[in-house]
Amino acid sequence: MRGFTLAETIMVVALTSVVGVAVMNMITFFYTSNAYVFQQTTAVDSAHRGLELTFKNLREASYGDDGSYPVEQGATSTITFYSDVDSDGPVEKVRIYLLNGTLYRVIINSAGSPPSYAGQSQSTTTIATSVRNTASTPIFRYYDANGVLLSTPVDTSKVTSISTELVVDLNPLKAPDIFTLRASATLRNLR
C-alpha cells in the first residue's frame, strides 16, 4: 500500500484552504451586500403579523367589562378599544400607539368588583418598528355606518369600521422602496 507523499499532502491542504477561504469570502459578501434587504424583510413581516393580530382583535371589539363603549379613543396614530384578545372570557382594554417610529400594543386586564381597568398592570409589546407615517398618511382612519370618513376629533360612538395604512421603511435614505401595509376591520359586536 502506498500513501500520500509529503508534497501531495501539502498540495491537498493548500487547495482545501484556498477553496475554503474563497467560499467563506463569497458567503460573507452575500450576507454583507444583502443584510439591509434581510432587515427590511424582517421589519415588514413583523409589522404584517402585528397588524393582522390587531385587526382580528378590532373586528371582535366589544363592550368593556366596565360597560365602556367598544372604541374608547380614536386618533390618527392611536386607538384604544376593548376586546377579548386572549379568548379567556374577560374583555381586555387594548391601546395601540405610535412612539418614535415604533408601533406599540398595550393590554390591560380588568379586575375587581365592579370590574375596572384603572390602576391594573399592563403588558406592552411591539407591533412594528421603522414606521414612517407622516401627518399626510395617518395610521388609523375611522368610518361611520354609511362608510363616511369621520373627522378628528373622532366621535367614537359613530365608529363602525377602521382602516390603517402603515408605512414601513428601515432607512428612508436607502433603497429598497417604502412598504405600505393596509388593513381594515368592521366592528362586529356593535348592537
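The rules we used
Numbers given for residues are sequential positions, taken from 1 along each chain in its written order. Two thresholds apply to this predicted model, a pLDDT of at least 70 for residue-level local features and 80 or more for giving and counting side-chain atom pairs, whereas whole-chain, interface and lining totals are computed over all residues. Think of the side-chain values as coming from all heavy atoms in the structure, minus any hydrogens and water. Segments assigned H or I by DSSP are reported as helices when at least four residues long, segments assigned E as strands when at least two residues long, and all are numbered from the N terminus. Each patch is assembled from residues with relative accessible area greater than 30% and no salt bridge, linking like charges that lie within 9 Å and nonpolar side chains (Val, Leu, Ile, Met, Phe, Trp, Tyr) that lie within 5 Å. Method for areas: the Shrake-Rupley scheme with a 1.4 Å probe, in which residue coverage is limited to the protein chains shown. Salt bridge, as applied in this entry: a Lys or Arg side-chain nitrogen positioned within 4 Å of an Asp or Glu carboxyl oxygen. Only protein chains enter the accessibility calculation, which uses a 1.4 Å probe. A residue is then buried if its area is under 20% of the maximum for its type, exposed if over 50%, and partly exposed in between. The term nonpolar core refers to a set of buried residues drawn from Ala, Val, Leu, Ile, Met, Phe, Trp, Tyr and Cys, joined through side-chain atoms within 4.5 Å. For two strands to count as paired, DSSP must find a minimum of two bridges between them. Comment: axis = line fitted to C-alpha atoms, over the contacting stretch for helices; angle = value between 0 and 180 degrees taken between N-to-C directions. Take the residue count of a helix, subtract one, and multiply by 1.5 Å to get its expected span. Two axes define the bend at a residue: one fitted to the seven residues ending there, one fitted to the seven starting there, and the bend is the angle between them. Nitrogen and oxygen atoms within 3.5 Å of one another constitute a polar contact, given that in protein one can donate a hydrogen and the other can accept it, and given that sequence-neighbouring residues count only through two side-chain atoms. Should any heavy atoms of two residues lie within 4.5 Å, those residues are considered in contact. Note on aromatic contacts: the rings of Phe and Tyr and the six-membered ring of Trp form a pair at centre separations within 6.5 Å, being stacked when their planes are under 30 degrees apart, edge-to-face when over 60 apart, and tilted otherwise. Two thresholds decide whether a charge sits over a ring: the Lys NZ or Arg CZ must be within 6 Å of the ring centre and within 35 degrees of the ring normal.

It is worth spelling out the environment of G50 at this point. Looking at the secondary structure, you find G50 in helix α1 (residues 6-59). For the pair G50 and S87, spaced 37 residues apart in sequence, the C-alpha to C-alpha distance is 17 Å.

Attention shifts here to a nonpolar patch on the surface. On the surface, V19, V23, M24, I27, F30, Y31 and F38 cluster together to form a nonpolar patch covering roughly 670 Å² of accessible area. With respect to the element layout, V19 can be found in helix α1. Exposure remark for V19: the relative accessible area of 53% places this residue in the exposed category.

This brings us to the nonpolar core. Grouped together as the largest cluster of nonpolar side chains are 31 residues, with contacts concentrated most on I162 and L166. With six residues, the single largest contributor to this core is α1.

The next thing to look at is the sheet that holds strand β2 (residues 78-83). In space, the five strands of this open sheet follow the order β1-β2-β3-β4-β5, with antiparallel pairing throughout. The open sheet terminates on both sides in strands that have one partner only, identified here as β1 (71-74) and β5 (122-128). The sheet shows a mean angle of 20° between the axes of neighbouring strands, direction not considered. As judged from the six bridges shared by β2 and strand β3 (residues 92-99), these two strands associate in the antiparallel manner.

Our focus in this paragraph is α1. Turn by turn, an α-helix covers 3.6 residues, leaving residues three or four places apart pointing in a common direction. Compared with the 80 Å implied by 1.5 Å per residue over 54 residues, the 74 Å span of α1 between its first and last C-alpha is a close match. A bend of about 55° at N34 is the largest found in α1.

Both β3 and strand β4 (residues 102-108) contribute to a ladder of seven bridges, which runs antiparallel. Counterpart to R95 in the pairing with β4 is V106. Adjacent in sequence and paired antiparallel, β3 and β4 are bridged by two residues, among which N100 carries a positive phi angle near 50°.

Moving on, we get to the side chain of S68. Note on placement: S68 falls in the loop between α1 and β1. Here D66 takes part through its side chain, which lies 2.7 Å from a polar atom of the side chain of S68. Separated by 3.4 Å, the side chains of S68 and Y82 make a polar contact. Setting aside chain neighbours within four positions, we find S68 in contact with Y63 and Y82.

Another aspect to go through is the sheet that holds strand β8 (residues 179-186). In space, the three strands of this open sheet follow the order β6-β7-β8, with antiparallel pairing throughout. Looking at strand neighbours, the two that pair on one side only are β6 (140-143) and β8, the edges of this open sheet. Direction aside, neighbouring strands of the sheet carry axes that sit 15° apart on average. Across four bridges, β6 lies against strand β7 (residues 161-168) in antiparallel orientation. When the bridges of β7 are listed, Y143 appears paired with S161.

The subject of this paragraph is the packing of aromatic side chains. A complete count under the given rule lists six aromatic pairs for this structure. Pairing Y82 with Y117 gives two aromatic rings, centres 5.1 Å apart and planes at 55°, and the pair type is tilted. Note that Y82 is positioned in strand β2 and Y117 in the loop between β4 and β5, a separation of 35 residues in sequence. Accessibility expressed as a relative area gives 1% for Y82, which makes it buried. Three or more aromatic residues link up through ring pairs in this structure, and these residues are F30, Y31 and F38. One cation-aromatic arrangement involves R95 over Y97; the distance from NZ or CZ to the ring centre is 4.2 Å.

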